[in-house]
Amino acid sequence: MQQYRLSRALYRLLIRAYPLEFRCHFRSDLEADFIDLLSTRGRRAAWMLVVQDWLGSVSATRTYARQKRRRLWAIAYRGDTRMSSIAFDLPQALRGLTKAPVFSLVTIATLALGIGANSAIFSLVNAVLLRPLGYERPERLMLVHETIPESNVPRFGVSPADYVDMLQYETSFSSMAAYRTRRFELSGGGASEQVTVAQATAPLFQLLGVSPAVGRTFTAADEQNPQVAVISHGLWQRRLGGAEVLGATLMLDRQPYTVIGVMPASFQFPRRGAEFNNVPADAWLPLVFNPFERNARGMFFNHSVIGRLRDEVTAERAAADFAALGPRIRENYPAVIRNSPFSLIVTATSFTDEIAGQVRRPLLVLLGAVGLVLLVACANVANLILGRAVAREREVAVRAALGAAGHRLTQLMLLEGLVLALFGGALGLLIGQWALRLIPAVLTTSLPGVMDVVLDVRVVGFTFALSLLTALAFSVIPLAGGMRRDVNALLRDARSAGGRRQHRFQAALVVSSVGLAFVLLVGAGLLIQSFTRLTAQDTGLRPGHVVTARVTLPPAGYSEPAPFRAFYHTVQQQLAAIPGALSAAIATDLPIRGDGERRAFTPDRHGDTGGLPPSIAVTWVHGDYFATFGIPIVRGRPFTAEEQAQDRGAVIVSAAMASRFWPGEEPIGKRIKWGIAASQAPWYTIVGVAGDVIDGPLGDEPVIHAYVPFSEMPDRALAAPISGLFRNLNVAVRSDIDAGSLLSSVREVIRSADPALALFEVATLAEILSEASAPQRFSATVLSGFAAGGLLLAAIGLYGVLAFSVGQRTREIGVRLALGADPSGVVGMVLRQGMALVVWGIVIGTAGAVAATRLMTSLLFETAAYDAGTYLTVPLVLVLVSLIACYLPARRAASTSPMTALRID
């Protein structure tokens, strides 16, 4: 021990005499010779070697040293001694990492995968949940809905008549506005296209607190001259080329509108995520209610209402105030409705919760999953560093023997970890941005904000902070696990390979990796099982070889019933005549994308009490609708040609509707009518019962549904442009050839009927079904990828620990084999060592999975959060992969040559 103290003293004398020359010259390439001489011939010979080598290079480095000394004295004069040590240790850390390229590359790649996955998911979370909406104090905005509990509709928009009452009665909002969205045909100055237009009352933009980039927004005076428009920045650039725009004319639905303003590029309204009117608009027009709308009670519940809270009003108080408005507004309904047993409920909910409420939990689940992947990656990296630390123990011991302080060793390790983490973070950021491009296109039109995922300051800051945290995590663990062992023992024992504390750390890291992988595998298994059952659900359709498209007829040119009827009749016949077409149909909505009209109806049945009639979904059809979509007629018959051409009072109902209102009875011949029993609407006779069809998202229960021929439409409904329901037409063609090959023929048919019409939302029925399950597929795929990555990382970590253990026990294993031990016994010994860690990881992972899967209940379809099959399958997969990871080092141990092992050291 005395010689090491003397060595330390000599080292300090040299540093004081020639601080920079000695530090520049003493490199790790002299360490091996120094240690050998120190152990065999004593400290004098060792230090003579160092001093001679140093004296030989002093003259060559003196000029360089003088310049560096001035800089160091300047730093010391400012008191930045810590920075000077970092400036010295950073190049050392870089050199140390470049001398171990395999270790450095594997570590950086492992971290890049973990950080990249976190960066990608956080970018989604940032775009959907964290990024400002671009409105003034959006937390003070609320959306208003109406509900009639007696109907079978959870909630709907606000009717114009009720909105007028709310303006008069409510006291919680400083301002309130109504809006609705629909498709308009944009023509002139190029090919026609369909754009989304939001019609809004004048206070909307002031309520949102957003000013236009060019021009102005609506005022109350524009209600007298509603032929004005405010357009989005994107439409200005795309359609008008960014030229002078104020006063320009836009042809919307073949009517001229004068542009009075352009909104900023960042402005987006309405927002995706809301239940109604949720498509961002390309243009905004004034919303002016006509006298009929203002007095139509119980109709046109298709408007969204947004309000801004007064400064002194809380969201809870506003919700209570609007709840009290329901009975008050109900008193304004006609007596025939008011006297029926129905209640009207008005609700006010937070705008931000409405926008992100449905996607918050799925995104947070994915963010938690990638967090587990990062933890597994960090555990693996920590194991890699622990293994490397063993090889560096003698180097650290030499540094300590020469007087290196403990904080300098810690600083060096932290700098190495920081360098690895920064490189891994930068690469991970690139991987994350690349991964975002793989998001299914359907999600960019369903998740709020996903179309605007960008590499902003928040994402970069998150990635940088994540890199720093991982650097601290996997740099400090090796120091705690084995870098503080006895210096004498390390310098004397060439076979030293870490202590028990380090092995316990490595074992704990492997157990944690296996446990985290178990949690990920269980979550992925549940989502995969849920997705499988979701896609196996009977939608009631035969999707093969069906192509669909959508077209909107503008009021100009189709303001009378005759051209309207001529259009859909001619188009259906021409579509059916396309070569290869088996059938063709036109409808007001499509299955899966159901947005059909909701109508109250009265069934003709005995014992009718005259109460509030229930609500059903209504689809108006023309042509071979049921044959085109493969919807079976389970009772009765489809519509005849006569019923398609003339008003014969025929209707087809869904099986769910028949079983609900006529259980145990024959529904054929039963009658229904629109509205209440006392209404003057004509009766319709049921001629057929169709199979149930999913009208909304996959997993929803089929709604009660009625199908009515286009011929039953009253002329006044065709001519009225109020709701636009009958002007949104969906065309569909079934063929015996590839559906995609019919697209050009379908476009030609529409073009021949009206060259100015634009066809949009063109897709096959199979694509529509695939898009309906895209969110679930995305979640299952992403979490499965994370689980596979976590499993692979856990297996690699297990393999690394066992391979390291086998390498350190080579001499012991050689002795066992030399004494006659069976190689299979050696294999079993290594396998038992590895599988014991796996069993502990499964036990801990089971407890974690039970707690974590509670958060996934709302994401699962017909799958229990504690599904027994998943909890039995995952351990088997984990054990199988772990056995492979354990067998490789076990086989290596069994094949060790006893003579080679005994010659070690």
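Below: a short report on this structure.

About the cut-offs
- Residues numbered from 1 in each chain as written.
- Predicted model: local features only at pLDDT ≥ 70, side-chain atom pairs only at ≥ 80, totals over all residues.
- Heavy atoms only, no water.
- Helix = DSSP H or I, 4+ residues; strand = E, 2+ residues; numbered from the N terminus.
- Buried < 20%, exposed > 50% of the residue type's maximum accessible area, 1.4 Å probe, protein only.
- Contact = heavy atoms within 4.5 Å.
- Areas by Shrake-Rupley, 256 points an atom, 1.4 Å probe, with all protein chains shown as cover.
- Core = buried A, V, L, I, M, F, W, Y, C linked by side-chain atoms within 4.5 Å.
- Phe/Tyr/Trp six-rings, centres within 6.5 Å; stacked < 30°, edge-to-face > 60°.
- Lys NZ or Arg CZ within 6 Å of the ring centre and 35° of its normal.
- Salt bridge = Lys/Arg side-chain N within 4 Å of Asp/Glu carboxyl O.
- 1 Å grid on protein atoms, 1.4 Å probe; cavity = no way out; pocket = protein on both sides within 12 Å on 5 of 7 lines; lining within 4 Å.
- Points joined across faces, edges and corners; volume = space filled by probe spheres on them.
- Nonpolar A, V, L, I, M, F, W, Y, C, P; charged D, E, K, R; others polar.
- Arc of directions from axis to C-beta.
- Pairing = 2+ DSSP bridges.
- Expected span 1.5 Å × (residues − 1).
- Axes fitted to C-alpha atoms, helices over the stretch in contact; angles between N-to-C directions.
- Parallel < 35°, antiparallel > 145°, perpendicular 65-115°, else oblique.
- Left-handed = near helix turned anticlockwise from the far one by under 90°.

Helix and strand counts for the protein chain come out as 30 helices and 21 strands. Of all 905 residues assigned to the protein chain, the portion counted as buried reaches 51%. At a minimum sequence separation of 6, the contacts of the protein chain that also span at least 24 residues come to 81%. Total accessible area on the protein chain stands at roughly 40,000 Å², and carbon and sulfur atoms take up 59% of it.

If you look at the biggest cluster of nonpolar residues, it comprises 63 residues, and the most contacted ones within it are I121, L783, F786 and L798. Sorting the residues of this core by element identifies α6 (101-130), α13 (351-391), α18 (500-535), α26 (774-808), α28 (823-852) and α29 (868-894) as the ones contributing at least two each. In this structure L798 touches V510, G834, L837, V838, S882, A885 and C886, once residues within four positions along its chain are discounted. By size, the runner-up hydrophobic cluster in this structure holds 47 residues, among which are F567, F601, Y684 and V733.

Relative to the helices and strands, R317 is located in helix α11 (residues 315-330). Look at R317 and you get partly exposed, because its relative accessible area is 41%.

A separate point is the packing of aromatic side chains. With the rule as written, the count across this model stands at 22 aromatic pairs. Ring centres 4.8 Å apart and planes at 55 degrees place the aromatic pair F156 and F301 in the tilted group. Taken as a pair, F156 in the loop between β1 (141-147) and α7 (160-169) and F301 in the loop between α10 (291-295) and β9 (304-309) lie far apart in primary sequence, 145 residues in all. Like F156, the residue F301 is buried in the burial classification. With a centroid separation of 5.6 Å and an interplanar angle of 65 degrees, the aromatic rings of F205 and F218 are classed as edge-to-face. Here the residue F205 occupies a position in helix α8 (residues 204-208), and F218 occupies one in the loop between β4 (214-215) and β5 (228-231), the gap between them amounting to 13 residues. The class of F205 is buried, set by a relative accessible area of 1%. For F218, a relative accessible area of 6% corresponds to the buried category. The rings of Y135, Y179, F205, F218, F267, F269, W284 and F351 are connected pair by pair, giving a single aromatic cluster. One cation-aromatic arrangement involves R328 over Y169; the distance from NZ or CZ to the ring centre is 4.0 Å. Seen from the ring of W683, R671 lies directly overhead, with NZ or CZ sitting 4.6 Å from the centre.

Close approach of charged atoms allows side chains with opposite charge to pair. A complete count under the given rule lists 18 salt bridges for this structure. A salt bridge links R550 to E761, with the nearest nitrogen and oxygen atoms 3.6 Å apart. Note that R550 is positioned in strand β11 (residues 546-552) and E761 in strand β21 (residues 760-764), a separation of 211 residues in sequence. Residue R550 is classed as buried on the basis of its relative accessible area, which comes to 14%. When its relative accessible area of 34% is taken as the criterion, E761 is described as partly exposed. Across the pair K670 and E665 runs a salt bridge whose closest N-O atoms are separated by 3.0 Å. Its relative accessible area of 40% is what places E665 among the partly exposed residues. Three or more residues are tied together by salt bridges with common partners; here these are D162, D165 and R297.

Okay, empty space enclosed by the protein next. Applying the stated rule across the entire model yields 6 cavities of 30 Å³ or more. Estimated volume of the second largest cavity: approximately 40 Å³. Lining the second largest cavity we find L143, V144, H145, G157, A274, E275, F276, H303, S304 and E354. Across the lining of the second largest cavity, the residue classes tally to 4 nonpolar, 4 polar and 2 charged.

An α-helix turns once per 3.6 residues; consequently, residues spaced three or four apart project the same way. Here helix α25 (residues 765-772) has its buried residues at L765, I768, L769 and A772. Axial view of α25: buried residues confined to an arc of 95 degrees, hence all on one face.

Glancing now at unusual backbone geometry. Here the amide bond leading from F269 into P270 is cis, since omega sits at -5 degrees, within 30 degrees of zero. Summarising the element assignment, P270 is placed in the loop between β7 (255-262) and β8 (283-286). With a phi angle near 50 degrees, N277 is a residue other than glycine that sits in the positive phi range. Mapped onto the secondary structure, N277 falls in the loop between β7 and β8.

Take the side chain of R330 next. The topology assignment puts R330 in helix α11. Beyond its immediate stretch of four places on either side in the chain, R330 contacts R338, S340, F342, S343 and L344.

With 6 of 6 residues buried, β9 lies mostly within the body of the structure. Alternating positions in β9 separate into two faces, S304, I306 and R308 on one and V305, G307 and L309 on the other, with burial throughout. Sheet topology places strand β2 (residues 173-187) next to β9; 6 bridges connect them, and they run antiparallel. By the bridge assignment for β9, F173 is matched with L309.

Here we take up α11. Helix length check: α11 (16 residues) gives 23 Å between terminal C-alpha atoms against 22 Å at 1.5 Å per residue, within 8%. Listed in full, the buried residues belonging to α11 are A318, F322, L325, G326, I329 and R330. At its buried positions, α11 is contacted by β1, α7, β2, β9, α12 (335-338) and β10 (345-350).

For the pair α28 and α29, interaxial distance at closest approach is 8 Å and the crossing angle is 150 degrees. Of the possible angle classes, the one that applies to α28 and α29 is roughly antiparallel. Crossing hand, α28 versus α29: right-handed. Taken together, the residues of α29 that come into contact with α28 (itself represented by P823, V826, V827, V830, L831, G834, M835, V838, I842, A849 and V850) are Y871, P875, L878, V879, S882, L883, C886, Y887, P889, A890, A893 and A894. Of the residues assigned to the contact of α28 with α29, the class counts are 21 nonpolar, 2 polar and no charged.

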